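A look at the structure
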Amino acid sequence: MVMTFILQVVFEKESVFLHTSTKRNNDHDTLIPGVIRILEKGPDTVMEWTPLSESGEHPQFLYSKKDSSMNGASHTEEDMFDPGYEPDWAVISTVGSRTRPLEDMRAATQCSTANSKWAFSLSLCELKSIRKNKPGLGWSYLIFITKEGISFPALHFHGGGTRALLKCLCKYVVLATSKKDPRLYLIYSHDSHALSQSFDELQLFDEHSSDLVSRFIQDPYAATFGSFSKVTNFLRGALRPQDVSRHRPLREMASGLDLDQQDEPGFEVITCQADLGLRPTVQRQETLTAEEWEKHLDPEGRVQEVEELKKMIFKGGLCHSIRREVWKFLLGYYSWGSTAEERKTVVKQKTDEYFRMKLQWKSVTEDQERRNSQLRAYKSLIERDVSRTDRNNKFYEGNDNPGLVLLNDVLMTYCMYNFDLGYVQGMSDLLSPILYVTQNEVDSFWCFTGFMERVHRNFEESQESMKEQLEKLALLLRVLDSALCDFLDSRESGSLCFCFRWLLIWFKREFSFPDILRLWEVLWTGQPCPNFHLLVCCAILDSERDALMNPNYGFNEILKHINELTMRLNVEDVLCKAEAIYLQLAACPQLQQSVQQILGLVEDTTPSGSTSSGTGSSPQALSPSQTHESELTDSASHSLPDSSIEILHTEDGTIESGQSP
């Protein structure tokens, strides 16, 4: 049975010219007038450009007009014209939602055989990027580039409308301006579950991580880059330069365009190697004990000498018996300057807030859930991930384990707290150690939100934060060891994509469980610099330098070697080396400014990335019928049998070392 879909025009703009040769602008034979449209056809959205017929017949356009007035006078359709470069002018080129038969819509734009070859149509899911013209250089134009590397000829908007087109596209895809090239829009999917799906396809978090190596050996680029390119084109398009670009035949492309206009933004190139001097020797110190912690509290419970205390935690970590309390300060649940009484008030307020959010998803009926595909998707993904998170740890082992119930409930409640981000695979790895230490549902949730404030951009659909971190890591590594970087480049590993999982979930799968507790509390101090986690990466790579630079190693062997480091790294050794690297770089007077900015030695003048909206705001109800829940009193939280679960460890505070990879 053949399915048919009604074609709906959602955008239509005439006076869009395709320039077959930019070298002959005065030759009208090289200017082909046409119409650009965005069409909805069932689940797919298509953009097409078709030439007008030589007879000059124009299609019938239906514009949606914008009500506005200036000095009491209304503007006509002709007055309100978008040239594509005037930011304050109105957008009027969108089309009213009306259904037009396919044959009627295209009849007006049937073109001659000579021009028909220039027509094109592509699904929005095939778009990778859009390049716009430099401001002030003639008519506005756009160049569309697909995920396969095909660049279509430039479309010039002689009648304006570029902004209207881009605004319409934003309804279906995410347009992100490249930080390296403000004229380049990178296109990402709106699908909130796509990133989780790509992680799942790549099996970054599978318990049997050795399977990843075999898939890399069989087809390394398909295994690494293929899954992520379905979502963001991040690793393949942004980190690994394309060796061969596939284009339309040259005779069918707009010639004369500068080659640098079609290049993707690259990495910063360091042209001189600074003399870093000798690397100092660093020793770790003893852990901070309960007695030392108590000495830093005044009679009312305020923490004294906070910066000095953070340095002590950085140098030695925490005794396990005080982690449950100190982590709440490190993760922002408690304020360092709060009194013991003030913290009791905070706990009461945060407990009420947590259970109101929990009640939002707990009270959803099966009938409601059937109509909420996003909630079902989150629920299914969380249940699956929880069932395989740290199951070799006594705290989570066995069936019907209350720790697994809490892990599930906290992650589901986080979806209510930050529904824009929701749940992405890997978050369960970040919550697991926190829940293990706090052993309390409410405390673990608010500590987890504090952790996510630091790393939530790792899980955003655009993956811009991951790209930035890998670029910074590559820059640091080149300063430290240009020979290693050159070798990795020669083995197609210069993008450092094998460090992706390290950065995504802060080494959770690389170190043993006890070592992760130590590593995270050290990193949470913010000492001795921002981006210290990148120096941890450098320390690991530096330790493995000789093995990685094996002349017989290629991409597959390098990846296999990195993967086999899992659970074999010693956190104390890595932290010593990472701190020594920082001291070595900080003492170098010739250190490049960009590296100084990464290490916080000078002020970073680059614009900071956007943060996820809604992380500090109250969550929204799932449906209007649930709005009454926000008025529930404190007693509402006690109506659920598991609403105040707290697990008390019966052991003496020791941690089981057996963990899943």
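Before any of the text, the structure's been laid out above.
This section reports on the structure supplied with the text. (Residues numbered from 1 in each chain as written. Predicted model: local features only at pLDDT ≥ 70, side-chain atom pairs only at ≥ 80, totals over all residues. Heavy atoms only, no water.)

**Some words on the overall build of the protein**
- Assigned secondary structure in the protein consists of 25 helices and 12 strands.
- Counting all 661 residues of the protein, 54% fall into the buried class.
- Of all intrachain contacts in the protein linking residues separated by at least 6 positions in sequence, the fraction that spans at least 24 positions is 74%.
- With the model as given, the accessible surface of the protein reaches about 30300 Å², and the carbon-plus-sulfur share is 50%. (Helix = DSSP H or I, 4+ residues; strand = E, 2+ residues; numbered from the N terminus. Buried < 20%, exposed > 50% of the residue type's maximum accessible area, 1.4 Å probe, protein only. Contact = heavy atoms within 4.5 Å. Areas by Shrake-Rupley, 256 points an atom, 1.4 Å probe, with all protein chains shown as cover.)

**What about the packing of aromatic side chains?**
- According to the stated counting rule, one finds 24 aromatic pairs in the structure shown.
- Centre to centre, the rings of Tyr 354 and Phe 355 are 5.1 Å apart; their planes meet at 75°, and the pair counts as edge-to-face. The burial state of Tyr 354 is the same as that of Phe 355; both residues are buried.
- Taking the centre distance of 5.1 Å and the plane angle of 75° together, the rings of Tyr 414 and Phe 448 count as edge-to-face. With a gap of 34 residues between them, Tyr 414 in helix H14 (residues 402-417) and Phe 448 in helix H16 (residues 441-455) connect regions that are remote in the sequence. (Phe/Tyr/Trp six-rings, centres within 6.5 Å; stacked < 30°, edge-to-face > 60°.)

**Focus on the environment of Leu 124**
- Looking at the secondary structure, you find Leu 124 in the loop between strand E7 (120-123) and strand E8 (127-132).
- Linking Leu 124 and Ile 187, residues 63 residues apart in sequence, is a C-alpha distance of 9.1 Å.
- With residues up to four places along the chain from it excluded, the contact list for Leu 124 reads Thr 45, Met 47, Leu 169, Tyr 172 and Val 173.

**A short note on the packing of helix H15 (residues 427-438) against H16**
- At a minimum axis distance of 9 Å, the contact between H15 and H16 shows a crossing angle of 140°. Considering their axes alone, H15 and H16 lie oblique with respect to each other. The crossing of H15 and H16 is right-handed. Facing H15, whose interface residues are Met 427, Leu 430, Leu 431, Ile 434, Leu 435 and Thr 438, H16 presents Asp 443, Ser 444, Cys 447, Phe 448, Phe 451, Met 452 and Val 455. (Axes fitted to C-alpha atoms, helices over the stretch in contact; angles between N-to-C directions. Parallel < 35°, antiparallel > 145°, perpendicular 65-115°, else oblique. Left-handed = near helix turned anticlockwise from the far one by under 90°.)

**Re unusual backbone geometry**
- A cis amide bond links Gln 527 to the next residue, Pro 528, at an omega of -10°.
- In this structure, Asp 400 takes a positive phi of about 55° despite not being glycine.
- Inspection of the secondary structure assignment puts Asp 400 in the loop between helix H13 (373-386) and H14.
- Taking the relative accessible area as the measure of exposure, Asp 400 reaches 78% and is therefore exposed.

**Structural notes on helix H10 (residues 320-330)**
- Buried within H10 we find Ile 322, Arg 323, Val 326, Trp 327, Lys 328, Phe 329 and Leu 330.
- Elements in contact with the buried residues of H10: helix H8 (290-295), helix H9 (306-316), helix H11 (340-362), H15, H16 and helix H20 (513-524).
- After H10 finishes, the residue Gly 332 shows a positive phi value of roughly 80°.

**Focus on the pattern of salt bridges**
- In the structure shown here, the tally under the stated rule is 32 salt bridges.
- A salt bridge links Arg 457 to Glu 468, with the shortest nitrogen-to-oxygen separation between them at 3.6 Å. Remark: Glu 468 occurs in helix H17 (residues 464-480) and Arg 457 occurs in the loop between H16 and H17; sequence separation between them is 11 residues. Each member of the pair, Arg 457 as well as Glu 468, carries the same accessibility label: buried.
- For Arg 518, the salt bridge goes to Glu 572, with nearest N and O atoms at 3.1 Å. Note that Arg 518 is positioned in helix H20 and Glu 572 in helix H24 (residues 571-586), a separation of 54 residues in sequence.
- One salt-bridge network, in which partners are shared between bridges, spans Arg 284, Arg 323, Arg 518, Glu 521 and Glu 572. (Salt bridge = Lys/Arg side-chain N within 4 Å of Asp/Glu carboxyl O.)

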